[in-house]
Amino acid sequence: MAIDIRPATRFEDVAAMVGPKRPDANVCWCLSYRIPSKQNVELRGAKRGELVKELVRQDPPPGVLAYDGGEVVGWAGVHPRADTSFARNRRIPHVDDLDVWSVWCLRVRPGHRGNGISHHLLQGAVEFARSYGAPAIEGYPVDNQGKKVDLTMAYVGTRALFEGAGFTKAADTDSVINGFPRVLMRLNLR
């Protein structure tokens, strides 16, 4: 299996990874951290997909996709922190004033999990941020200490996944997911 990581510029592939089965459904579309909370709550049904269609045409696009051959098998939401809700999130601290990037979602398609695709996605997110001149990249995974994380909450990643990619713990947070504390992990890119 040769996993290829590419910028998320194909709407159909982003939709396959984070979109709903029904276009009118109010699912995340990986927007909950990408846009202000009020806008996220007010944006309903097909309008969510329409916004994502606009985001994939922007430079930089909203993340990266993993491909196995021609098939999309993974997604990572990654963007400058200033363009995300982490810029204003009171539970996730700012370590300093650098214009860091945030990676907030790692998703692997069912049937492809357990093959290391999350590792490829995280490395691809790092390279993507680096290619845009980011001085550092942060993630906010759970510190699950090896305990099982419910799949519906595993999208933030684990501390071990981030450590394996060279990130180090920069701070504790006041955020908890699935009963596990989230930690701020950072990788300097300069």
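Relevant structure appears above.
Rules used in this analysis
Residues numbered from 1 in each chain as written. Predicted model: local features only at pLDDT ≥ 70, side-chain atom pairs only at ≥ 80, totals over all residues. Heavy atoms only, no water. Phe/Tyr/Trp six-rings, centres within 6.5 Å; stacked < 30°, edge-to-face > 60°. Helix = DSSP H or I, 4+ residues; strand = E, 2+ residues; numbered from the N terminus. Buried < 20%, exposed > 50% of the residue type's maximum accessible area, 1.4 Å probe, protein only. Lys NZ or Arg CZ within 6 Å of the ring centre and 35° of its normal. Salt bridge = Lys/Arg side-chain N within 4 Å of Asp/Glu carboxyl O.

(A) Broad picture of the packing of aromatic side chains. Enumeration over the complete set of coordinates arrives at eight aromatic pairs. Ring centres of Tyr 33 and Phe 86 lie 4.8 Å apart, and the angle between their planes is 20°; on these two criteria the pair is classed as stacked. Of this pair, Tyr 33 sits in the loop between helix 1 (11-18) and helix 2 (37-42) while Phe 86 sits in the loop between strand 3 (71-80) and strand 4 (101-108), and the two are 53 residues apart along the sequence. Looking at Tyr 33, the relative accessible area reads 13%, which means it is buried. Connected via pairs of aromatic rings, a cluster forms that spans Tyr 33, Phe 86, Tyr 140 and Tyr 155. Sitting over the ring of Phe 11, Lys 53 keeps its end group 4.9 Å from the ring centre.

(B) Quick look at unusual backbone geometry. A cis amide bond links Asp 59 to the next residue, Pro 60, at an omega of 5°. As for its position among the elements, Pro 60 is in the loop between helix 3 (46-56) and strand 2 (63-68). You will see that Trp 29, though not glycine, has its phi angle at about 55°, which is positive. By secondary structure assignment, the location of Trp 29 is in the loop between helix 1 and helix 2.

(C) Quick peek at the pattern of salt bridges. Tallied over the full model, the rule gives 11 salt bridges. Of the charged contacts, one joins Arg 10 and Asp 13 as a salt bridge, the two residues approaching to 2.9 Å between their closest N and O atoms. The exposure class of Arg 10 is partly exposed, given its relative accessible area of 45%. Exposure remark for Asp 13: the relative accessible area of 12% places this residue in the buried category. A single salt-bridge network, built from bridges that share partners, covers Arg 81, Asp 96, Glu 138 and Arg 186.

By themselves, these are just geometric observations and shouldn't be taken as functional.
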